[in-house]
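Chain by chain, the residues run as shown.
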Amino acid sequence: MNRRRFLQASALGSATALAGCAGLFETRSIPREPPMVENRPDAVYYPTHTEGMAMAGMAKQGRWRLGLMYSFPHRFWLMGGGTSKQQEKVTVQEGDDLHLMATVWDSETMTVLPAGDVRVELSKGDWSDTRTMWPMLSQNMGFHFGDNMELNGEGKYKADVQVSGLGIRRTGALSGQFGSATTLSTEFEFSQRKLDELSFDRLDKKKGSQGSVPPMEMEMMPMSHVPPKNDLPGQFVGEATSGDAKFLVTAVNDSNLAQDTYLLVSPRTPYSNRYPIPMMSLSAQLNRDGESIFDGPLKPTIDPDVGYHYGANVSSVKSGDKLVVAVDSVPQVSRHEGYETAFMTMPKMQFSV
């Protein structure tokens, strides 16, 4: 048992082996992941392959909505936590049958919600397994929760997904909502045949080169995109790149985001994906004529019009001001292949208003 499995052992529910099923998946035809690209850039790059995805089920509770999906088990990278830049690569284990994914959103605004913790309990007969899922970024799916999991053969499974209340600031139509935990339940039928029918496309010509595969087209659920530059509210302050992440900054007056002037920083993945980058710590220094106007942290915030971003209330932003935005802690979100080398070394950014 590797360190990750040992750390998660306390989260496991009772699991009863089913006699006669040990060889059920021995002949499974899960594609073998191509070897990792050597000399990967310290930036977003094309992964070795892309995989299809199957919808397992959907559920609702109040304004909460859940989409549960699965694909082939695959490698991903965990972050060390806190301010750490240390990563742990999670490889596919012999017993892994699928990669289970969950997306949670608001039914009224169709905003994908970066819930703090998502725990899933899968049950089938007298077998069950409970797992805390990792918050993740992938190039084709964006922000979601996921993990590789071992099942108990083919058949019907019940999934009870416990979602914690949001601990970050919510504004607009999300204000006062989603502060309490909830459980969303669904059922799905798993078969090896259906898993085998998912697409698995190697990117031999592009792999390792800087770029990104496009987002998946999702008809049944929203994606975690943030607005393009022209759709952000307020006065545009500037755009900068740090660690291959794009940072757009605006100053917003007369809005529900904050009193006075709202300093809005919207980090996103590069290229056409435009996914928000959560779970990092940002701070800013705003200076005017040699005097400090603001020096402090930028709060992570979710807004239905702006999406996941970081911001602070300041007295004003004027022409000639100098702004410095610092990444105090790199994103602690887990990464799928193609994102694991980016967003790691993130120097300060300077803007002139």
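Draft legend 1. A look at the overall build of the protein. Helices and strands together make up the secondary structure of the protein, namely 2 helices and 22 strands. For the protein, the C-alpha radius of gyration of 21 Å lies close to 20 Å, the compact-globule estimate for 353 residues. Looking at the protein alone, contacts between residues at least 24 apart form 74% of all its contacts between residues at least 6 apart. Put simply, the protein shows about 15,600 Å² of open surface, and 45% of that area lies on carbon and sulfur atoms. When the 35 basic and 41 acidic side-chain charges of the protein are each reduced to a single mean position, those positions are 2 Å apart.

Draft legend 2. Just the environment of M346, in detail. Position of M346 relative to the elements: it lies in the loop between strand 21 (334–336) and strand 22 (349–352). The exposure class of M346 is buried, given its relative accessible area of 8%. Linking M346 and S329, residues 17 residues apart in sequence, is a C-alpha distance of 9.0 Å. Setting aside anything within four residues of it in sequence, one finds M346 in contact with S242, G243, A245, F247, V327, V330 and P331.

Draft legend 3. Structural context of the environment of T301. By the element assignment, T301 lies in strand 18 (residues 291–303). Residue classification places T301 among the buried residues on the basis of a relative accessible area of 0%. Residues T301 and R170, 131 residues apart in the sequence, show an inter-C-alpha distance of 5.8 Å. Beyond its immediate sequence surroundings of up to four residues, T301 is in contact with I168, R169, T171, Y262, G307, Y308 and H309.

Draft legend 4. The side chain of Q139, seen in detail. For Q139, the location among the structural elements is in the loop between strand 8 (127–138) and strand 9 (142–149). Residue Q139 is classed as buried on the basis of its relative accessible area of 3%. Separated by 3.0 Å, the side chain of Q139 and the backbone nitrogen of V213 make a polar contact.

Draft legend 5. Layout of the nonpolar core. Of all hydrophobic cores here, the largest spans 82 residues; its most connected members are L100, L122, F247, L298 and L323. Per element, the largest residue contribution to this core is 6 residues, and it comes from strand 6 (residues 98–106). One finds L248, V252, A258 and Y262 within the second-largest nonpolar core, a separate group that totals 8 residues.

Draft legend 6. The packing of aromatic side chains, seen in detail. The final tally for this structure, using the stated rule, is 9 aromatic pairs. Pairing W64 with F178 gives two aromatic rings, centres 4.8 Å apart and planes at 80°, and the pair type is edge-to-face. Taken together, the residues W64 in strand 3 (residues 64–71) and F178 in the loop between strand 11 (169–170) and strand 12 (182–190) connect sequence positions 114 residues apart. For the pair W64 and F178, a shared accessibility class is recorded, and that class is buried.

Draft legend 7. Looking closely at unusual backbone geometry. The backbone of D244 shows a phi angle near 75°, a positive value even though the residue is not glycine. Its location among the elements puts D244 in the loop between strand 14 (235–242) and strand 15 (245–255). Among the residues examined, D244 registers a relative accessible area of 15% and is labelled buried. Phi angles above zero are rare outside glycine, and F343 is one such case at about 60°. Mapped onto the secondary structure, F343 falls in the loop between strand 21 and strand 22. F343 sits in the buried class, given a relative accessible area of 1%.

Draft legend 8. The arrangement of the pattern of salt bridges in detail. Under the criterion given, the structure shown has 11 salt bridges. Note that R40 and E340 form a salt bridge whose closest N and O atoms lie 2.3 Å from each other. Linking R40 in the loop between helix 1 (3–8) and strand 1 (49–51) with E340 in the loop between strand 21 and strand 22, this pair joins segments that are 300 residues apart in sequence. A salt bridge links E197 to R193; the shortest N-O distance between them is 2.8 Å. Classification of R193 by relative accessible area gives exposed; the value is 54%. The network of salt bridges with common partners includes E33, R75 and E337.

Draft legend 9. Spatial organisation of the confidence of the model for the protein. Per-residue confidence for the protein gives a mean pLDDT of 90, with 90% of residues at or over 70. Here residues 1–27 is modelled with pLDDT under 50, and outside its nearest four sequence neighbours on either side it reaches 46 contacts, counting other chains as well.

Cut-offs used in this document
- Note on numbering: residues in each chain are counted from 1, in written sequence order.
- For a predicted model such as this one, the threshold for reporting local features is a pLDDT of at least 70, and the threshold for listing and counting side-chain atom pairs is 80 or more; totals across whole chains, interfaces and linings nevertheless cover every residue.
- Heavy atoms from the whole structure form the basis of all side-chain values; hydrogens and water molecules are not counted.
- Runs of E in the DSSP output that reach at least two residues are strands. Runs of H or I that reach at least four are helices, and both are numbered from the N terminus.
- Radius of gyration means the value over C-alpha atoms here, while the globule rule gives 2.2 Å times the residue count to the 0.38 power.
- Any two residues whose heavy atoms approach within 4.5 Å are treated as being in contact.
- Areas reported as accessible are Shrake-Rupley estimates using a 1.4 Å probe. Residue values count occlusion only from the protein chains shown.
- In this tally, Lys and Arg are treated as positive and Asp and Glu as negative; His is ignored, and so are the chain termini.
- The atoms used to mark charge sites are NZ of Lys, CZ of Arg, CG of Asp and CD of Glu.
- When accessible area is computed with a 1.4 Å probe and restricted to protein chains, residues below 20% of their type maximum are described as buried, those above 50% as exposed, and intermediate ones as partly exposed.
- Distance and chemistry together define a polar contact, namely a pair of N or O atoms within 3.5 Å, with one atom able to donate a hydrogen and the other to accept it when in protein, and with adjacent residues in sequence counting only for side-chain atoms on both sides.
- We define a nonpolar core as any set of buried Ala, Val, Leu, Ile, Met, Phe, Trp, Tyr and Cys residues linked to one another through side-chain atoms lying within 4.5 Å.
- What counts as a ring pair is set by centres within 6.5 Å for rings of Phe, Tyr and Trp (its six-membered ring), and what kind of pair is set by the plane angle: stacked under 30 degrees, edge-to-face over 60, tilted for all other angles.
- Take a side-chain nitrogen of Lys or Arg and a carboxyl oxygen of Asp or Glu: if they are within 4 Å of each other, that pair is a salt bridge.
- A residue's pLDDT is the predictor's confidence in that residue, given on a scale from 0 to 100.

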